[in-house]
Amino acid sequence: MSVKDDSKVNVEAADLPSTGRRKLIKMMLAAGPTLSLLGTNQQAIAQDAAEKLPITDPVANALGYVEDATTVDAAKYPAFKQGDICKDCLLYTDPSAEEWGPCSLFQNRLVAANGWCVSFAKRPA
Ligand code: SF4
């Protein structure tokens, strides 16, 4: 190997850190849109969690969920007691929510404060 070849090798070796930085910057730029999408996805999940639980939801139906507890079929759901409403349920995670509040049973989708389902669990006073 000649001296010139050695210096070329040395110059290339000296370039490695800067090449590494360039690669890192390129990777960050390429990942930027992906990271943005992840952020958007998290926002979408948060928005989904704040959506009202559709009355047609199959799980809600299976659990006898109604938006108005006065319409509960007491013969079908003997556990129901007059006055039991979602707002007084342990799973209604924001008791300060007046009309619609998150229910942990339904991934924090919003249920009617005056609603009810068979999973009702009275919040201790
Ligand atoms: Fe309402 Fe409780 Fe049933 Fe959720 S678990 S829908 S808050 S009664």
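Predicted, not measured: the structure shown is a model, and the values here were computed from it.

Draft legend 1. Representation of the site of the ligand in the model. Every residue near the ligand is listed here: Y65, C86, C89, L91, Y92, C103, L105, F106, C117 and F120. With respect to the detected pockets, the ligand is housed in the largest cavity. Looking at the shell around the ligand residue by residue, the class counts come to 10 nonpolar, no polar and no charged.

Draft legend 2. Representation of the pattern of salt bridges in the model. On inspection of all chains with the given rule, the structure shows 2 salt bridges. Salt-bridge contacts for D57 lead to R109; the nearest nitrogen and oxygen are separated by 3.5 Å. Placement of the pair is D57 in the loop between α1 (3-49) and α2 (58-62) and R109 in strand β2 (residues 109-112), with a sequence separation of 52 residues. In this structure, the salt-bridge partner of K87 is E98, at a minimum N-O distance of 3.7 Å. Separated by 11 residues along the polypeptide, K87 in the loop between α2 and β1 (100-103) and E98 in the loop between α2 and β1 bring together distant segments of the chain. Given a relative accessible area of 57%, E98 falls into the exposed group.

Draft legend 3. Just unusual backbone geometry, in detail. The phi torsion at Q107 lies on the positive side, around 55°, for a residue other than glycine. We note that N108 has phi near 65°; this positive angle belongs to a residue other than glycine. Position of N108 relative to the elements: it lies in the loop between β1 and β2.

Draft legend 4. Structural context of the pairing of β1. Bridge analysis of β1 against β2 gives 4 bridges, and the strand direction is antiparallel. For P102, the partnering residue across the bridge sits in β2 and is L110. In this structure, the hairpin formed by β1 and β2 is closed by a connection of 5 residues, where Q107 is found at a positive phi of approximately 55°.

Draft legend 5. Seen up close, the packing of aromatic side chains. Summed over all chains, the structure comprises 3 aromatic pairs. Between Y65 and F106, the aromatic rings sit 6.2 Å apart at their centres with planes inclined by 55°, giving tilted as the arrangement. Placement of Y65 in the loop between α2 and β1 and of F106 in the loop between β1 and β2 is noted, with a sequence separation of 41 residues between them. The same class applies to Y65 and to F106, which are both buried. Where F80 meets W116, the ring centres are 5.1 Å apart and the plane angle is 80°; that geometry is what we call edge-to-face. Taken together, the positions of F80 in the loop between α2 and β1 and W116 in the segment after β2 put the pair 36 residues apart, joining distant regions of the chain. Classification of F80 as buried rests on a relative accessible area of 8%. Linked through ring pairs, Y77, F80 and W116 together constitute an aromatic cluster.

Parameters at a glance
- Residues numbered from 1 in each chain as written.
- Predicted model: local features only at pLDDT ≥ 70, side-chain atom pairs only at ≥ 80, totals over all residues.
- Heavy atoms only, no water.
- Near = heavy atom within 4 Å.
- 1 Å grid on protein atoms, 1.4 Å probe; cavity = no way out; pocket = protein on both sides within 12 Å on 5 of 7 lines; lining within 4 Å.
- Sits in = over half its atoms within 2 Å of the grid points.
- Nonpolar A, V, L, I, M, F, W, Y, C, P; charged D, E, K, R; others polar.
- Salt bridge = Lys/Arg side-chain N within 4 Å of Asp/Glu carboxyl O.
- Helix = DSSP H or I, 4+ residues; strand = E, 2+ residues; numbered from the N terminus.
- Buried < 20%, exposed > 50% of the residue type's maximum accessible area, 1.4 Å probe, protein only.
- Pairing = 2+ DSSP bridges.
- Phe/Tyr/Trp six-rings, centres within 6.5 Å; stacked < 30°, edge-to-face > 60°.

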